[in-house]
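# Summary of the model geometry
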Amino acid sequence: MTDSEQLEKKRGWFNFWRKGKGQDEPDQPDPTPPESPPGPDIQPEPELPPGLPPDVPKPEVPPEVAPEPDLPEQPEIPPEISPPMEPWAAQEADHVVEPGAEKPRVEGGWFARLKSGLAKSSSRLTRGIADLFTKRKLDDEALEELEELLITADLGVATAARVTRRLAKSRFGKEAAAEESKAALAEEIGEILEPVALPLTIDRACKPFVVLVIGVNGSGKTTTIGKLAKQYKEAGLSVTLAAGDTFRAAAVEQLKVWGQRTACPVIARDTGADAAGLAFDALAEAKKRGDDVLLIDTAGRLQNKSGLMAELQKVLRVIKKQDAAAPHAVLLVLDATVGQNAHSQVEVFRDMCDVTGLVVTKLDGTARGGVVVALAEKFGLPVHAIGVGESADDLRPFSAQSFARSLVGLE
């Protein structure tokens, strides 16, 4: 037996003898076991309950799952509420169209597109007239209801009173069907609109014929200029465009796109440049080239902002320094969706800028197309063109009879 084996045997007898003594002797600390090298954590196997037969499989140890971190409570998000917007601002926001882009238009001729564009305006009248004149005589009560219907359709108080008076003279006490009433109404509206349905005539003796385009923000001035340029080019006229909306870079880029599409030169400056100086330079350039038409865009401005209106008057004065007769036409572009607010726009712009004619746009996106009739009745300014879509062909000279029939829903 080796020395180590003899030492191990003595230790065993010593431990046996110490356990036999119990509490008589103090416990001696066991020798410290050697430290094992660090390794991966090993979960201890669960103990089997006593009495299980040996063939019972050991219970599976569930995999260790890390507890999910506590997430902070999310605050309740209130519903988004947009701040109130001015009518022109709302329309500008909604009217996000690629510069020069054209929406799909209604198949058919101009009258079909006009009727489709005025569908929102005409539906209010046609439904009201159908309810009002279903096998009913045109008595005082019916005339009063008709007048209220015309006022709610934005034809205005004076126009509504005039139309009902005329109908009362010719058809009072007679039973009228809905279609007959619509035809009579279209006839009366057509008579109001006929004196103002005048196309914009270009005087070829003026080199160039200067057209200044004005209006509030978002009314469609730049798009209207692009459409007019396309139509004048197709008619064989030479046209120059002036990007006078120097406050808005997007307007300058949009006009440049129209210039590329129509092969018209565009006079532009950096954003923030003096608009009056640009108009002066553009007129000089157009004169040098001997152009037939110069279309000048301007920045949109609210009619109740005196400072902005004064800047527009400065543009007019600078143009007249080169040509006392210019501008030969001052077009006020009106957004039909503003309804009765158009009256205030016409009144202020006419008094400050000598407006010579109107262009009414976006008639396809509103139920307020009747405002054209009210404007014609109140101001008598020529309505040169109306727009019922984004295509260049959707801006056409104003036709009184076609508009009147479309407004009341007649074929």
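Reading the values: rules and limits
- Residues numbered from 1 in each chain as written.
- Predicted model: local features only at pLDDT ≥ 70, side-chain atom pairs only at ≥ 80, totals over all residues.
- Heavy atoms only, no water.
- Helix = DSSP H or I, 4+ residues; strand = E, 2+ residues; numbered from the N terminus.
- Buried < 20%, exposed > 50% of the residue type's maximum accessible area, 1.4 Å probe, protein only.
- Contact = heavy atoms within 4.5 Å.
- Areas by Shrake-Rupley, 256 points an atom, 1.4 Å probe, with all protein chains shown as cover.
- Arc of directions from axis to C-beta.
- Core = buried A, V, L, I, M, F, W, Y, C linked by side-chain atoms within 4.5 Å.
- Salt bridge = Lys/Arg side-chain N within 4 Å of Asp/Glu carboxyl O.
- Pairing = 2+ DSSP bridges.
- Expected span 1.5 Å × (residues − 1).
- Axes fitted to C-alpha atoms, helices over the stretch in contact; angles between N-to-C directions.
- Left-handed = near helix turned anticlockwise from the far one by under 90°.
- Nonpolar A, V, L, I, M, F, W, Y, C, P; charged D, E, K, R; others polar.
- Phe/Tyr/Trp six-rings, centres within 6.5 Å; stacked < 30°, edge-to-face > 60°.
- Lys NZ or Arg CZ within 6 Å of the ring centre and 35° of its normal.

## Remarks on the overall build of the protein chain
Along the protein chain, the regular secondary structure elements total 14 helices and 10 strands. When each of the 411 residues of the protein chain is scored for burial, the buried share is 42%. Taking contacts inside the protein chain between residues at least 6 apart in sequence as the whole, the part at least 24 apart equals 78%. Total accessible area computed for the protein chain in this model is approximately 23300 Å², and 54% of it derives from carbon and sulfur atoms.

## Observations concerning helix H14 (residues 400-407)
Restricting attention to buried positions, one finds in H14 the residues Ala400, Phe403, Ala404, Ser406 and Leu407. Along the axis of H14, the buried residues cluster in a sector spanning 165 degrees; they form a single face.

## Brief notes about unusual backbone geometry
The step from Lys207 to Pro208 runs through a cis peptide bond, and the omega angle for that step is 5 degrees. Of note, Pro208 is situated in the loop between helix H7 (178-193) and strand E3 (209-214). Look at the link from Ala326 to Pro327: it is a cis peptide, with omega at -10 degrees. For Pro327, the position within the fold is in the loop between helix H11 (306-322) and strand E7 (329-335). Located in the positive-phi region is Ala263, a residue other than glycine, with phi close to 60 degrees. Position of Ala263 relative to the elements: it lies in the loop between helix H9 (249-262) and strand E5 (266-267).

## Here's the deal with the environment of Leu316
Position of Leu316 among the secondary structure elements: in helix H11. A sequence separation of 11 residues divides Leu316 from Pro327, and the C-alpha atoms of the two residues are 7.4 Å apart. Setting aside chain neighbours within four positions, we find Leu316 in contact with Leu212, Pro327, Val330, Met352 and Cys353.

## Examining the nonpolar core
Counting 73 residues, the largest nonpolar core has Ile189, Leu193, Ile214, Phe398 and Phe403 as its most contacted members. With 7 residues, the single largest contributor to this core is helix H10 (residues 275-289). Beyond its immediate sequence surroundings of up to four residues, Leu193 is in contact with Val372, Val373, Ala376, Phe398, Ala400 and Phe403. In this structure, Leu255, Val293, Val333 and Leu395 belong to the second largest nonpolar core, which totals 24 residues.

## Re the pattern of salt bridges
Overall, the coordinates contain 14 salt bridges when judged by the stated rule. The salt bridge involving Arg162 is made with Glu377; its shortest N-O contact spans 2.5 Å. A residue pair is termed long-range when its members are at least 10 positions apart, and Arg162 in helix H6 (residues 157-171) and Glu377 in helix H13 (residues 371-379) qualify at 215 residues. Look at the salt bridges and you will find they share partners, linking Arg166, Glu188 and Glu191 into a network.

## Overview of the pairing of E7
Burial analysis of E7 places 7 of its 7 residues in the buried class, which makes it a mostly covered element. Covered by surrounding structure in E7 are Ala329, Leu331, Val333 and Asp335 together with Val330, Leu332 and Leu334, the residues of both alternating faces. Here E7 pairs with strand E8 (residues 357-361) via 5 bridges, running parallel. Across the sheet, Val333 pairs through a bridge with Val359, a residue of E8.

## A closer look at H9
Since the α-helix turns once every 3.6 residues, residues separated by three or four places project in the same direction. In this model, H9 (14 residues) spans 20 Å end to end at C-alpha, consistent with the 20 Å of a helix rising 1.5 Å per residue. Listing the buried residues of H9 in full gives Ala251, Val252, Gln254, Leu255, Trp258, Gly259 and Thr262. Seen end-on, H9 carries its buried residues on one side only, within an arc spanning 165 degrees. Looking at the buried residues of H9, the elements they touch are helix H8 (221-234), strand E4 (239-242) and E5. At the exit of H9 stands Ala263, carrying a positive phi of roughly 60 degrees.

## So, the environment of Val157
Along the chain, Val157 turns up in helix H6. In this structure Val157 comes out as exposed when scored by relative accessible area, which is 55%. Val157 sits 217 residues away from Ala374 along the chain, and the two C-alpha atoms are 8.2 Å apart.

## Thoughts on the packing of helix H12 (residues 341-353) against H13
Look at H12 against H13: their axes get within 10 Å of each other, and the N-to-C directions meet at 40 degrees. The way H12 lies across H13 gives a crossing that is right-handed. For the pair H12 and H13, the contacting residues are Ala342, His343, Val346, Glu347 and Arg350 in the first and Val371, Ala374, Leu375, Lys378 and Phe379 in the second. Across the contact of H12 with H13, the residue classes tally to 6 nonpolar, 1 polar and 3 charged.

## So, the packing of aromatic side chains
For any pair of aromatic rings, geometry is given as the distance between the ring centres together with the angle between the planes. A full pass over the atoms with the stated rule returns 1 aromatic pair. Here the guanidinium or amino end of Arg261 rests over the ring plane of Trp258, the centre of that ring lying 4.6 Å away.

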